[in-house]
Amino acid sequence: MRIDASTELFGIIGRPVGHSLSPAMHNAAFEHWGINAVYLAFETDSPAKAADAARTLGIKGLSVTVPHKETIMDFLDEIDETARQIGAVNTVKNLEGHLSGTNTDWIGAVEALRAVTEIKGRRIVVLGAGGSARAAVYGLTRAGALVHIANRTVEKAGQLAREFGCSFSGLDELSQTEGDILINTTSVGMTPLQNISPVPEKELDRFSVVMDIVYGSKKTRLITDAERHGCRTVPGTQMLLHQAAAQFEYWTERQAPFEVMKKALLEAATR
Ligand code: ATR
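If you walk through the whole model with that rule in mind, you get 18 salt bridges. For Asp77, the salt bridge is made with Arg55, and the minimal N-O distance between the two is 3.3 Å. Taken as a pair, Asp77 in the loop between strand E3 (61-64) and strand E4 (78-79) and Arg55 in helix H2 (residues 47-57) lie far apart in primary sequence, 22 residues in all. Linking Arg134 and Glu163 is a salt bridge whose minimum nitrogen-to-oxygen distance equals 2.6 Å. Highlighted residues: Arg134 in helix H5 (residues 131-142) and Glu163 in helix H6 (residues 154-164), separated in sequence by 29 residues. The class of Glu163 is partly exposed, set by a relative accessible area of 48%. By sharing partners, the salt bridges in this structure join Glu201, Arg221, Asp225 and Arg228 into a single network.

Turning our eyes to something else, we now look at the site of the ligand. Neighbouring the ligand are 14 residues, the closest being Ser132, Asn151, Arg152, Thr153 and Lys156. In the environment of the ligand, an oxygen atom lies 2.5 Å from a nitrogen or oxygen atom belonging to the side chain of Thr153. Between an oxygen atom of the ligand and a main-chain N or O atom of Ser187, the distance comes to 3.3 Å. Relative to its free-state accessible area of 640 Å², the ligand is covered by the protein chains to the extent of 70%. When the residues that make up the shell around the ligand are grouped by side-chain class, the tally is four nonpolar, eight polar and two charged.

With that out of the way, let us pick up the sheet that holds strand E11 (residues 209-212). Strands sit in the order E9-E8-E7-E10-E11-E12 across an open sheet of six strands; the sheet is parallel. Since the sheet does not close on itself, it has two edges, and those belong to strand E9 (167-170) and strand E12 (232-234), each with one partner. Adjacent strand axes in the sheet meet at a mean angle of 20°, parallel and antiparallel pairs treated alike. Where strand E7 (residues 123-127) meets strand E10 (residues 181-184), four bridges bridge the pair, whose relative direction is parallel. Within E10, the position partnered with Leu127 by the bridge is Asn184. Packing of helix H4 (residues 105-114) onto the sheet brings it into contact with E7, E10, E11 and E12, and relative to E11 it is tilted by some 145°.

Quick look at the packing of H4 against helix H8 (residues 236-252) now. Relative orientation of the contacting elements H4 and H8 amounts to 125°, with a least axis distance of 7 Å. What the angle tells us is that H4 and H8 run oblique. Note on packing geometry: the crossing formed by H4 with H8 is right-handed. Here H4 contributes Asp105, Ile107, Gly108, Ala109, Glu111 and Ala112 to the contact with H8, which in turn contributes Gln238, Met239, His242, Gln243 and Ala246. Tallied by class, the residues present in the contact of H4 with H8 amount to five nonpolar, four polar and two charged.

This part is about the environment of Glu178. Tracing the backbone shows Glu178 in the loop between E9 and E10. Considered as a pair, Glu178 and Asp225 are 47 residues apart in the sequence and their alpha carbons are 20 Å apart. If near-sequence neighbours (up to four positions away) are discounted, Glu178 is found in contact with Arg123, Val125 and Arg206.

Turning next to the sheet that holds strand E2 (residues 37-43). An order of E2-E1-E3-E5-E6-E4 is seen for the six strands of this open sheet, with the pairing classed as mixed. Of all strands in the sheet, those with a lone pairing partner are E2 and E4, marking the two edges. Relative to E3, strand E1 (residues 8-14) runs parallel, the two sharing four bridges. Pairing of Phe10 across the sheet is with Gly61, part of E3. Packed on one face of the sheet, helix H1 (residues 22-33) meets E1, E2 and E3 and runs near 170° to E2.

If you check the domain split of the protein, you get domain 1 (8-103 + 238-269) and domain 2 (107-234). Across the boundary between the two partners, domain 1 contributes twelve residues, which contact 14 residues of domain 2. Between domain 1 and domain 2 lies a buried interface of about 1,200 Å² when both sides are counted; carbon and sulfur atoms form 71% of it. Of all residues in domain 1, Ile86, Met239 and His242 bury the most surface against domain 2, accounting for 46% of the area lost on that side. Taken together, the connections running from domain 1 to domain 2 amount to zero salt bridges. The interface formed by domain 1 and domain 2 contains two residue pairs in polar contact (both at pLDDT 80 or more). Those elements giving two or more residues to the side of domain 1 that touches domain 2 turn out to be helix H3 (81-86) and H8.

Cut-offs applied
- Residues numbered from 1 in each chain as written.
- Predicted model: local features only at pLDDT ≥ 70, side-chain atom pairs only at ≥ 80, totals over all residues.
- Heavy atoms only, no water.
- Salt bridge = Lys/Arg side-chain N within 4 Å of Asp/Glu carboxyl O.
- Helix = DSSP H or I, 4+ residues; strand = E, 2+ residues; numbered from the N terminus.
- Buried < 20%, exposed > 50% of the residue type's maximum accessible area, 1.4 Å probe, protein only.
- Near = heavy atom within 4 Å.
- Polar contact = N/O pair within 3.5 Å; in protein donor to acceptor, adjacent residues only side chain to side chain.
- Areas by Shrake-Rupley, 256 points an atom, 1.4 Å probe, with all protein chains shown as cover.
- Nonpolar A, V, L, I, M, F, W, Y, C, P; charged D, E, K, R; others polar.
- Pairing = 2+ DSSP bridges.
- Axes fitted to C-alpha atoms, helices over the stretch in contact; angles between N-to-C directions.
- Contact = heavy atoms within 4.5 Å.
- Parallel < 35°, antiparallel > 145°, perpendicular 65-115°, else oblique.
- Left-handed = near helix turned anticlockwise from the far one by under 90°.
- Domains from an automatic or database assignment.
- Buried area = accessible area lost by both parts, 1.4 Å probe.

Below is the structure:
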């Protein structure tokens, strides 16, 4: 790749982003299409200053990650209906200083799952009721799934369930819930809770598909437990990949080179 005076800049903002896998995927995609652009990781505490920097320096697009997905919304010129309903922006596009925000996390959840199973009419149990759950529940209900939300704090499950027309319960009542697809959106499995599963292993038998949005260099405990129980599994890298592919298309209006991005992601994840 040749970097010159017309190279365009893209990046991710969040904290921490030092181990982000997004630069590997997006740079591979730019290279595939011969687009003169680079994608970097910007660790910042200030979404406001990052938005200003994007306008001032002409940064063409930003991925937004934890903890700025909600706060960035105050500093954009436009937010689409999808991001508004989810209540979070994970993608910003800069058109001549006008910043617009959207959300592709829900596409990540839906497409990662759709790669292994039909969604419409299926009973899906979503673990968690935080920001990641909101994006997943938005996408899955739109795709016609019957969603049940199970969360440690049952009041939060109730709030989210009412908003999207789902059923809900506490995480500890999982054995009484119906469903044959299970999706973990809680942070259980992430550092410092790695090697822990959000559900007792015996609960996994009745699920045909188990998806985790937690990812790392190794499989999560939930995914290895589910494999042992004969479930089809979808690791967190799949959601990451699909949301990134949708970001790339939003920025460039070209088809995301999916296999190229997948290879770059898997190489970076095991590095
Ligand atoms: P994110 O934006 O990644 O979804 P979040 O909004 O902080 O992060 O949500 C974290 C989710 O993980 C919540 O559903 C949280 O449950 P509570 O609402 O009860 O806090 C869940 N979570 C975090 N730690 C957990 C644990 N040790 N056991 C069970 N659930 C946990």
